[in-house]
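Each chain, written out:
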Amino acid sequence: MTAFSAEYAWVDGAVARDVRLDMAGGRFTAVTAGAPADGATRLPGLVLPGLANAHSHAFHRALRGRTHAGRGSFWPWREQM
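Since this is a predicted model, take the numbers as computed values, not measurements.

A.B. asks: Run through the layout of surface pockets, naming residues and quoting values.
C.D. replies: Of the volumes computed, that of the largest pocket is approximately 160 Å³. Listed by contribution, the elements that provide at least two residues to the lining of the largest pocket are strand E1 (2–11) and strand E3 (27–33). Examining the composition of the lining of the largest pocket, we find that 3 residues originate from one element, E1, more than from any other. Broken down by class, the residue content of the lining of the largest pocket amounts to 9 nonpolar, no polar and 1 charged.

Structure, rendered in structure tokens:
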């Protein structure tokens, strides 16, 4: 098991102090606010949960082949986008 102790962490919609993060098999098994470090690796500052990258390039499909007339520079593509 691996353990981390965050000085501050975002837990249940608020910032909590002295948060212990226990891991086993590459997964978090426990998140405990107000817990002693007890030999855990200290993480200074604020720890946030992983944020999903939810942006998309799906609109590029509609532009495919439409911006290559002439020199096909970036700006005609950007204007049509």
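A.B. asks: How would you explain the pattern of salt bridges if you had to name every residue and give the values?
C.D. replies: When the charged atoms of two side chains lie near each other, side chains of opposite charge can form a pair. Counted under the stated rule, the structure contains 3 salt bridges. In this structure, Arg17 and Asp18 form a salt bridge, with 3.8 Å as the shortest nitrogen-oxygen distance. Residue class for Arg17 comes out partly exposed when judged on its relative accessible area of 48%. Judged by its relative accessible area of 27%, Asp18 is partly exposed. Among the salt bridges present, the one from Arg42 reaches Asp18, with a minimum N-O distance of 3.5 Å. On the criterion of sequence distance, the pair formed by Arg42 in strand E4 (residues 41–47) and Asp18 in strand E2 (residues 14–24) is long-range, its members being 24 residues apart. We classify Arg42 as partly exposed; its relative accessible area is 41%. It is possible to trace a salt-bridge network through shared partners that takes in Arg17, Asp18 and Arg42.

A.B. asks: Go over the nonpolar core with me, naming the residues and quoting the values.
C.D. replies: When a protein is soluble and globular, its nonpolar side chains tend to lie buried together. With 6 residues, the main nonpolar core is built from Ala6, Ala9, Val11, Ala16, Val19 and Leu21. Secondary structure elements with two or more residues in this core: E1 and E2. Once residues within four sequence positions are removed from consideration, Ala6 is found in contact with Asp18, Val19, Arg42, Leu43 and Val47.

A.B. asks: Any details on the pairing of E2? Residues and values, ideally.
C.D. replies: Sheet topology note: the E1/E2 ladder contains 9 bridges and is antiparallel. Its bridge partner being in E2, Ser5 is matched across the sheet by Arg20. Here E1 hands over to E2 after 2 residues, with Asp12 in that stretch at a positive phi of 55 degrees. In terms of strand pairing, E2 meets E3 through 6 bridges, oriented antiparallel. The residue of E3 that forms the bridge with Ala24 is Arg27. Between E2 and E3, which follow one another and run antiparallel, lie 2 residues, and Gly25 among them has a positive phi close to 60 degrees.

Reading the values: rules and limits
Residue positions are given per chain, counted from 1 along the sequence in the order it is written. Two thresholds apply to this predicted model, a pLDDT of at least 70 for residue-level local features and 80 or more for giving and counting side-chain atom pairs, whereas whole-chain, interface and lining totals are computed over all residues. Remark: hydrogens and water are excluded; side-chain values derive from all non-hydrogen atoms of the structure. For cavity detection a 1 Å grid was placed over the protein atoms alone, and a set of points counts as a cavity when a 1.4 Å probe fits there but cannot get out; an open set counts as a pocket when protein lies on both sides within 12 Å along at least five of seven lines, with lining residues being those that have an atom within 4 Å of a point. Grid points are joined across faces, edges and corners, and a volume is the space filled by probe spheres set on the points. Strands are runs of DSSP state E lasting at least two residues, helices are runs of H or I lasting at least four, and both sets are numbered from the N terminus onward. Side-chain classes are defined by residue name, with Ala, Val, Leu, Ile, Met, Phe, Trp, Tyr, Cys and Pro counting as nonpolar, Asp, Glu, Lys and Arg as charged, and the others, Gly among them, as polar. The term salt bridge refers to a side-chain nitrogen of Lys or Arg lying within 4 Å of a carboxyl oxygen of Asp or Glu. Each residue gets one of three labels from its accessible area relative to the maximum for its type: buried under 20%, exposed over 50%, partly exposed in between, using a 1.4 Å probe on protein chains only. We call a set of buried residues a nonpolar core when its members are Ala, Val, Leu, Ile, Met, Phe, Trp, Tyr or Cys and they connect through side-chain atoms within 4.5 Å of each other. Here a residue-residue contact requires only that any non-hydrogen atoms of the pair lie within 4.5 Å. Strands are labelled as partners when DSSP assigns at least two bridges between them.

By themselves, these are just geometric observations and shouldn't be taken as functional.
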